[in-house]
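# Commentary on secondary and tertiary structure
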Amino acid sequence: MRADRTARTDGAARLRAVHPMLWAAFASLAVGAVLCVLGWYGMSGERFAERQLPYLASCTVPGAALIIAGTLLLTHGRSVLAAARVEELYGLLVSTQPPPPPQQTPITTNNTPLMIPGGTLWHRADCPLIAGKPQAVPADATALSTQALAPCPICEPPRPPDPATPEQ
């Protein structure tokens, strides 16, 4: 139980650690875009190339570098976020607690057919379709006589004798 809690808090801490990286990525992308626009605006007002170089060097190149850095941070942050979510889901699926013991269906010694309430089939007691299902109950004789239930195609139970007809 303690290891399960540690895994959950560790995953949550990783998720919290990713958020600053994503904020930095978005900020870097925004500042880079603003610098590129400012560089373009400054360069567009100058006629000669030697007067455009300062805008290129001071705004456009750093803006492009910030856009590339922001893209890399965003990609890395999203992959770390996805990995943390996968680890958290894995921790939830694979718990350290042992699974609960399977509940056994009461096995009938006589050949009483069994059914699941609301089901459409009747089964033998050793049928794999009802093995381990505690809701399996003996089949109702009236449901069997009116053929409301069909025999299971897996275990192929023999039809019990009809209680309305006397045995000879």
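The following paragraphs examine the structure supplied in this document. Just so it is clear, the model here is predicted, and its values are computed rather than measured.

Let us now look at the overall build of the chain. Broken down by element type, the chain carries 3 helices and 4 strands. Starting at the N terminus, the α and β elements of the chain follow one another as α-α-β-β-β-α-β. Buried positions account for 21% of the 168 residues belonging to the chain. Contacts in the chain between residues far apart in sequence, at least 24 positions, make up 64% of those at least 6 positions apart.

Note on placement: His123 falls in strand E2 (residues 121–123). With sequence-adjacent residues up to four places away left out, His123 is seen in contact with Pro113, Leu114, Leu129, Ile130, Cys152, Cys155 and Pro157.

In this structure the tally under the stated criterion is 0 disulfides. Free cysteine Cys59: the closest other cysteine sulfur is in Cys36, separated by 8.9 Å. Residue class for Cys59 comes out buried when judged on its relative accessible area of 14%. The structure places no disulfide on Cys152, whose sulfur is separated from the nearest cysteine sulfur, that of Cys127, by 3.8 Å.

Another point: the pattern of salt bridges. Scanning all chains against the criterion turns up 2 salt bridges. Here Arg51 ties to Glu46 by a salt bridge, and the two come within 3.5 Å at their closest N and O atoms. Overall, Glu46 belongs to the partly exposed group, its relative accessible area being 21%. Notably, a salt bridge pairs Arg124 with Asp126, separated by 3.1 Å at the nearest N-O pair.

Cut-offs used in this document
- Residues numbered from 1 in each chain as written.
- Predicted model: local features only at pLDDT ≥ 70, side-chain atom pairs only at ≥ 80, totals over all residues.
- Heavy atoms only, no water.
- Helix = DSSP H or I, 4+ residues; strand = E, 2+ residues; numbered from the N terminus.
- Buried < 20%, exposed > 50% of the residue type's maximum accessible area, 1.4 Å probe, protein only.
- Contact = heavy atoms within 4.5 Å.
- Disulfide = S-S within 2.5 Å.
- Salt bridge = Lys/Arg side-chain N within 4 Å of Asp/Glu carboxyl O.

Such coordinate-based values are descriptive only and should not be taken to indicate function.
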